[in-house]
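Chain by chain, the residues run as shown.
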Amino acid sequence: FIVIYRKVSLAAVTVYTNQWEHGTQILTGLAFVLFSLYMHESTQPYISKHLNQVDSLSQIVVGMTLYCGFYYVSGSVSYGGRMVALSIMVIFNLSFLLLWCIRSFSSVSSRLIKRFFGGSKPDTGFAKLVFVTPRTRDDLRQDAREMEADVDVSKNPLLSSKGKTKVRL
């Protein structure tokens, strides 16, 4: 939900600050991007480490684009300063696009290799949904008693900050 909230909120910031001056709008967007980067880093919403890294990098690029865009639209910066800001924006965005293409190609090629030569289904990196056949209430109670396990929740601050916790399934 962190990713969806970030995208909807960024669209809302863009739409509802449309009447403000460009500088104020950019600074509001930059503050929001920095907050969403903090939330993303603290929650790590994807299962895959690579997806979390790419999403974090994309937010950094958006932040740099907004920061340089602030100087680009500012009337107090000379033509040369605006061209430097524009160059930095283009370099950051093209670098991210290149990294994204490399990661995507690597992911697709490894999936194809696993599919055709490895025999196992590739992992998408997203949370998996488990569908269970309908069972009686007594079966579910019995399963819950049998499936008590230790779960390491130390990597997710939303669940616990105390390390290992007994979780009843």
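Cut-offs and rules
- Residues numbered from 1 in each chain as written.
- Predicted model: local features only at pLDDT ≥ 70, side-chain atom pairs only at ≥ 80, totals over all residues.
- Heavy atoms only, no water.
- Helix = DSSP H or I, 4+ residues; strand = E, 2+ residues; numbered from the N terminus.
- Buried < 20%, exposed > 50% of the residue type's maximum accessible area, 1.4 Å probe, protein only.
- Polar contact = N/O pair within 3.5 Å; in protein donor to acceptor, adjacent residues only side chain to side chain.
- Contact = heavy atoms within 4.5 Å.
- Phe/Tyr/Trp six-rings, centres within 6.5 Å; stacked < 30°, edge-to-face > 60°.
- Lys NZ or Arg CZ within 6 Å of the ring centre and 35° of its normal.

Student: Can you explain the environment of T43? Please cite residues and give values.
Tutor: Relative to the elements of secondary structure, T43 occurs in helix α2 (residues 22-43). For T43, a relative accessible area of 9% corresponds to the buried category. Considering only alpha carbons, one finds T43 and I2, 41 residues apart in sequence, at a separation of 8.2 Å. Here M39 takes part through its backbone oxygen, which lies 2.8 Å from a polar atom of the side chain of T43.

Student: Please provide a residue-by-residue account of the environment of S9, values included.
Tutor: Inspection of the secondary structure assignment puts S9 in helix α1 (residues 2-16). Among the residues examined, S9 registers a relative accessible area of 28% and is labelled partly exposed. For the pair S9 and G29, spaced 20 residues apart in sequence, the C-alpha to C-alpha distance is 9.9 Å.

Student: Can you break down the environment of I2 residue by residue, with the values?
Tutor: Examined against the element boundaries, I2 turns out to sit in helix α1. As for I2 and M39, which are separated by 37 residues in sequence, their C-alpha atoms are 7.6 Å apart. Apart from residues lying up to four places away in sequence, I2 is in contact with M39 and T43.

Student: Any chance you could break down the packing of aromatic side chains for me, citing the residues and the numbers?
Tutor: Tallying each qualifying case throughout the model produces two aromatic pairs. Centre to centre, the rings of Y67 and Y71 are 5.3 Å apart; their planes meet at 80°, and the pair counts as edge-to-face. Within this pair, Y67 and its partner Y71 are both found in helix α3 (residues 49-73), separated by four residues, close to a single helical turn. Judged by its relative accessible area of 41%, Y67 falls in the partly exposed class. A relative accessible area of 34% means that Y71 is categorised as partly exposed. Ring centres 5.6 Å apart and planes at 75° place the aromatic pair F70 and Y71 in the edge-to-face group. Taken together, the ring pairs connect Y67, F70 and Y71 into an aromatic cluster. Cation over ring: R82 sits above Y72, and NZ or CZ is 5.1 Å from the ring centre.

Student: Describe unusual backbone geometry, and please don't skip the residues or the numbers.
Tutor: For Q44, which is not a glycine, the phi torsion comes out positive at approximately 45°. Secondary-structure assignment places Q44 in the loop between α2 and α3.

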